[in-house]
Amino acid sequence: MTKRKRFGKSDWLSLGLSQLKSDGPAGLTVEALCSAAERTRGSFYHHFQDHGTFILEMMQAWKQQNTLDVADQTLGPAVKDRRQKLSHLANHLDHDLERKVRQFAQSNKASREVLEDVDKLRTDFVAGLYCDRGLPAEEAMQIAQIEYAAFVGAQIIWPDMPAQDRMALDRKFAKLVTNEYADGKNTKE
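Among the ten residues of helix α5 (residues 82–91), seven are classified as buried, and the element is accordingly described as predominantly covered. Elements that come into contact with the buried residues of α5 comprise α4 (51–74), α6 (95–105), α7 (109–132), α8 (137–157) and α9 (163–180).

Written as structure tokens, this is what we have:
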């Protein structure tokens, strides 16, 4: 007789994100999750007070993996290399999951609140990278908002665009910003 591996809280959260990506919200019912995990409802409720708690914790896990961890990894390199590191990490995220999270957030309040927090954190982080390079805070925020809107828009408009092509667009955008703001000062007359 083979002993089944323990199915812990993090397993449920990973499964939830996988189910969201593959089946959308229908894959997030307790029944669908238990079926996919080949576990009982009791196993699910051992880890989560209720379905709403599961959804919130799943979204927090997504936020941690796809935003906070990415930011931490970006801060390792020297200031001048951080944008390139962020571009690499962000463009290698699971963009199918990102789109599904955005779709789910349209109908689920807890998910919408986490997504709004993620969008703000990401935009603030990018603005901070521009400030670190000498741009004034207000201009850094405006550029970060444009860049983030392009990042999210590209996920929707060109869902199958390879990461290297998205990174090439990021480099072009960085070059445009650099040309506009030499040494943190607007070069326009």
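There's more to say after this.
This paragraph deals with the nonpolar core. In this structure, Trp12, Phe44, Phe54, Met58 and Trp62 are the most contacted members of the largest nonpolar core, which totals 26 residues. In terms of residue count, α4 provides more of this core than any other element does, six residues in total. In contact with Trp62, other than residues within four places in its own chain, are Leu17, Thr67, Leu97, Glu98, Val101, Leu115, Val118 and Arg122. The next biggest cluster of nonpolar side chains, apart from the first, holds 17 residues, and it includes Ala71, Leu86, Leu93 and Val177.

With that settled, consider the pattern of salt bridges. Pairs may arise between side chains of opposite charge once their charged atoms sit close together. Tallied over the full model, the rule gives twelve salt bridges. Taking the shortest distance from any N to any O, the salt bridge between Asp11 and Lys5 comes out at 3.6 Å. Assessed through its relative accessible area of 23%, Asp11 is described here as partly exposed. Overall, the relative accessible area of 61% leaves Lys5 in the exposed class. Note that Glu57 and Lys9 form a salt bridge whose closest N and O atoms lie 2.9 Å from each other. Here Glu57, found in helix α4, pairs with Lys9, found in helix α1 (residues 9–23); they are 48 residues apart in sequence, far enough to count as distant. Judged by relative accessible area, which is 25%, Glu57 ranks as partly exposed. A relative accessible area of 33% places Lys9 in the partly exposed class.

Remark: α1 packs on α6, axes separated minimally by 9 Å, with the N-to-C direction vectors making an angle of 85 degrees. Classified by the interaxial angle, the pair formed by α1 and α6 is roughly perpendicular. Residues Leu17, Leu20 and Lys21 of α1 lie in contact with α6, whose contacting residues are Asp96, Leu97, Lys100, Val101 and Phe104. Here the contact of α1 with α6 is composed, by residue class, of five nonpolar, no polar and three charged.

Conventions we followed
Residues numbered from 1 in each chain as written. Predicted model: local features only at pLDDT ≥ 70, side-chain atom pairs only at ≥ 80, totals over all residues. Heavy atoms only, no water. Buried < 20%, exposed > 50% of the residue type's maximum accessible area, 1.4 Å probe, protein only. Helix = DSSP H or I, 4+ residues; strand = E, 2+ residues; numbered from the N terminus. Contact = heavy atoms within 4.5 Å. Core = buried A, V, L, I, M, F, W, Y, C linked by side-chain atoms within 4.5 Å. Salt bridge = Lys/Arg side-chain N within 4 Å of Asp/Glu carboxyl O. Axes fitted to C-alpha atoms, helices over the stretch in contact; angles between N-to-C directions. Parallel < 35°, antiparallel > 145°, perpendicular 65-115°, else oblique. Nonpolar A, V, L, I, M, F, W, Y, C, P; charged D, E, K, R; others polar.

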